[in-house]
Amino acid sequence: MKVLHLSDTHGKHHLLKDLPPADIIIHSGDGSESGEKSEVLDFLNWFFNLDYEYKIFVAGNHELCLDGEQIENLPPNCHYLYHSGIEIEGIKFWGVPYFLSNELNGSVAQFMVQIPDGTDVLISHRPPYGILDFEENDNFGCLDLLQTVQRIYPYYHLFGHVHAGYGIVKSRHTTFVNASLIRNNVIQNKPVLLEL
């Protein structure tokens, strides 16, 4: 099964042409820039109309209008993972959005313990601490995510958020992929094609 992973398109999704074929497309957040409802809807309409059998997305910190919200009436092959999971053809996916409100109210750790063992593909907006998360002389990853990955050992951990962290790193158990497409406010990087 082929997976196409992208993140951090920040309202520039219409500029993406000739995306490679895959069975599943995954967007790991920040499809919008301002986070206003109209902009998020524009991104979602674009995403829903892409020609992929399955589509999965999580919200990033720019999707302000989705903070605390579920999305109803999605097309049957589209899945918004909000601290939740989906199994597709025997592969277990779990999605973790990133909202600053979770940082402020201290709920990040309680969401992390909900991520089940046996998760094959962990999708988050934010990176785990110390992995593809370095920008402007600092690490912007999440320690709770790192500890979760070390507990569940997913096959893939897919994320974005830190634009300078674009790339792939493999550990003994997990392949980490930062698919942030935007750099210096333009699309500089390509979506990442993976095999499951």
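Predicted model, so just to flag it, every value in this text is computed and none were measured.

About the cut-offs
- Residues numbered from 1 in each chain as written.
- Predicted model: local features only at pLDDT ≥ 70, side-chain atom pairs only at ≥ 80, totals over all residues.
- Heavy atoms only, no water.
- Helix = DSSP H or I, 4+ residues; strand = E, 2+ residues; numbered from the N terminus.
- Rg over C-alpha atoms; globule rule 2.2 N^0.38 Å.
- Buried < 20%, exposed > 50% of the residue type's maximum accessible area, 1.4 Å probe, protein only.
- Contact = heavy atoms within 4.5 Å.
- Areas by Shrake-Rupley, 256 points an atom, 1.4 Å probe, with all protein chains shown as cover.
- Phe/Tyr/Trp six-rings, centres within 6.5 Å; stacked < 30°, edge-to-face > 60°.
- 1 Å grid on protein atoms, 1.4 Å probe; cavity = no way out; pocket = protein on both sides within 12 Å on 5 of 7 lines; lining within 4 Å.
- Points joined across faces, edges and corners; volume = space filled by probe spheres on them.
- Nonpolar A, V, L, I, M, F, W, Y, C, P; charged D, E, K, R; others polar.
- Pairing = 2+ DSSP bridges.
- Expected span 1.5 Å × (residues − 1).

1. A short note on the overall build of the chain
1) Next: Secondary structure summary: the chain contains 4 helices and 15 strands in total.
2) Next: What you see for the chain is a C-alpha radius of gyration of 15 Å, in line with the 16 Å of a compact globule of 196 residues.
3) Next: For the chain, the spread of C-alpha atoms along the principal axes amounts to about 35 × 35 × 30 Å.
4) Next: Here the chain, with 196 residues, has 54% of them falling under the buried criterion.
5) Next: Once local pairs closer than 6 in sequence are excluded, the contacts in the chain between residues at least 24 apart make up 58%.
6) Next: Per element, the accessible surface of the chain, about 9,300 Å² overall, is 49% carbon and sulfur.

2. Focus on the packing of aromatic side chains
1) Next: The final tally for this structure, using the stated rule, is 9 aromatic pairs.
2) Next: Centre to centre, the rings of Tyr-82 and Phe-99 are 6.3 Å apart; their planes meet at 45°, and the pair counts as tilted. With Tyr-82 in the loop between strand E4 (78-80) and strand E5 (84-88) and Phe-99 in the loop between strand E6 (91-96) and helix H2 (100-105), the pair connects residues that are 17 residues apart, well separated along the chain.
3) Next: Using a relative accessible area of 15% as the deciding quantity, one classes Tyr-82 as buried.
4) Next: By relative accessible area, Phe-99 is classed as buried at 2%.

3. Describing empty space enclosed by the protein
1) Next: Within the structure shown, the criterion is met by 2 cavities of 30 Å³ or more.
2) Next: Here the largest cavity defines a volume of roughly 110 Å³.
3) Next: If you trace the largest cavity, you find 15 residues lining it, with Val-96, Pro-97, Tyr-98, Val-108 and Met-112 closest to the centre.
4) Next: Elements represented by at least two residues in the lining of the largest cavity include exactly H2 and helix H3 (108-112).
5) Next: The leading source of residues in the lining of the largest cavity is H3, at 3 residues.
6) Next: In terms of residue class, the lining of the largest cavity is made up of 9 nonpolar, 4 polar and 2 charged.
7) Next: The calculated volume of the second largest cavity comes to roughly 40 Å³.

4. A short note on the pairing of strand E10 (residues 156-159)
Remember that side chains alternate between the two faces of the sheet whenever the strand is regular.
1) Next: Both faces of E10 are covered, namely the face carrying Tyr-156 and Leu-158 and the face carrying His-157 and Phe-159.
2) Next: Relative to E10, strand E7 (residues 121-124) runs parallel, the two being bridged by 3 bridges. When the bridges of E10 are listed, Ile-123 appears paired with Leu-158.
3) Next: Pairing between E10 and strand E12 (residues 175-178): 4 bridges, direction parallel. Looking at the pairing, Leu-158 lines up with Val-177 of E12.

5. Remarks on helix H1 (residues 37-48)
1) Next: With 12 residues, H1 extends 16 Å between its outermost C-alpha atoms, agreeing within 8% with the 16 Å of an ideal straight helix rising 1.5 Å per residue.
2) Next: Regarding H1, the residues found buried are Glu-39, Val-40, Phe-43, Leu-44, Trp-46, Phe-47 and Phe-48.
3) Next: Looking at the packing, one finds that the buried side of H1 touches strand E1 (2-6), strand E2 (24-27), strand E3 (54-57) and E4.

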